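Geometric and topological summary
So the chains spell out like this:
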Amino acid sequence: MTATGRPGDEPWRHRYRAARDLIASYRDDPTTTDRVARAELALAEATSDHDGLVEAIATLDPDRVTGELKSVLRTRPDPTAPDTPLIRSLRQRYMTMHSLKNRRTEIEGQIEATLIDLETVAARCIELSHVRGGTGMLDEELTRLNDDIEALRQAHEELDRLPGGPAQGGWQ
């Protein structure tokens, strides 16, 4: 997800910085500042996870995985016969590949949801700056942002536990 491959160039960084700066302009309290900073860390970690999955998936070559399974299935004489050990292995690899691709898509969606909720906090800060006593009315938006951060953290931990995942020194 990095435009140039360099850390800090991720496409979400511009949106994050714009929202962070707006929030800081209209609301200067430690709780909000902390949540916004934690969102950046969670987004960076999620981007790293995403990039690792993209690389791992490309290395496994999904087209080859699909093609090999289809080829073996076409050549078996009886399509209703029980799967051979080779077919079971090919099916398992195919299903695992698609599971990784689904996980990648989930991370992309969660990154986008986090950015949208962060931008919503920024917009509400601006809106509430024009309301007398409106500074404490961000609870719902901050709770959603906190939920997004937690979802990104949990996704990272799940990926970390996968065999060959980041915790085992893989995908980097």
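Everything quoted here is computed from the prediction, not taken from an experiment.

Rules behind the numbers
Residues numbered from 1 in each chain as written. Predicted model: local features only at pLDDT ≥ 70, side-chain atom pairs only at ≥ 80, totals over all residues. Heavy atoms only, no water. Helix = DSSP H or I, 4+ residues; strand = E, 2+ residues; numbered from the N terminus. Buried < 20%, exposed > 50% of the residue type's maximum accessible area, 1.4 Å probe, protein only. Areas by Shrake-Rupley, 256 points an atom, 1.4 Å probe, with all protein chains shown as cover. Expected span 1.5 Å × (residues − 1). Contact = heavy atoms within 4.5 Å. Axes fitted to C-alpha atoms, helices over the stretch in contact; angles between N-to-C directions. Parallel < 35°, antiparallel > 145°, perpendicular 65-115°, else oblique. Nonpolar A, V, L, I, M, F, W, Y, C, P; charged D, E, K, R; others polar. pLDDT = per-residue confidence, 0-100. Salt bridge = Lys/Arg side-chain N within 4 Å of Asp/Glu carboxyl O.

Attention now goes to the overall build of the protein. The helix and strand inventory of the protein stands at 5 helices and 0 strands. Here the protein, with 172 residues, has 32% of them falling under the buried criterion. Looking at the protein as shown, the accessible area adds up to about 10100 Å², and 54% of this sits on carbon and sulfur atoms.

Before going further, it helps to examine helix 5 (residues 139-161). Its 23 residues place the ends of helix 5 33 Å apart at the C-alpha level, agreeing with the 33 Å of an ideal helix rising 1.5 Å per residue. Buried positions along helix 5 lie against helix 2 (30-60) and helix 4 (85-128).

The next subject is the packing of helix 1 (residues 12-26) against helix 2. Packing of helix 1 against helix 2 brings their axes to within 11 Å, and their N-to-C directions diverge by 175°. Accordingly, the angle class assigned to the pair helix 1 and helix 2 is roughly antiparallel. Residues Trp 12, Arg 13, Tyr 16, Arg 20 and Ile 23 of helix 1 pack against Thr 32, Val 36, Ala 37, Glu 40, Leu 43, Ala 44 and Thr 47 of helix 2. Looking at the contact of helix 1 with helix 2 residue by residue, the class counts come to 7 nonpolar, 2 polar and 3 charged.

What follows deals with the confidence of the model for the protein. Taken residue by residue, the protein gives an average pLDDT of 86. The fraction at 70 or more is 86%. Summarising per-element confidence for the protein, the mean pLDDT is lowest in helix 5 (85) and highest in helix 3 (residues 62-75) (95).

With the rule as written, the count across this model stands at 18 salt bridges. Notably, a salt bridge pairs Arg 13 with Glu 40, separated by 2.8 Å at the nearest N-O pair. Note that Arg 13 is positioned in helix 1 and Glu 40 in helix 2, a separation of 27 residues in sequence. A salt bridge links Asp 83 to Arg 76, with the shortest nitrogen-to-oxygen separation between them at 2.8 Å. Classification of Asp 83 by relative accessible area gives partly exposed; the value is 22%. Salt bridges here are not isolated pairs; linked through shared partners, they connect Asp 61, Arg 64, Glu 68 and Arg 93.

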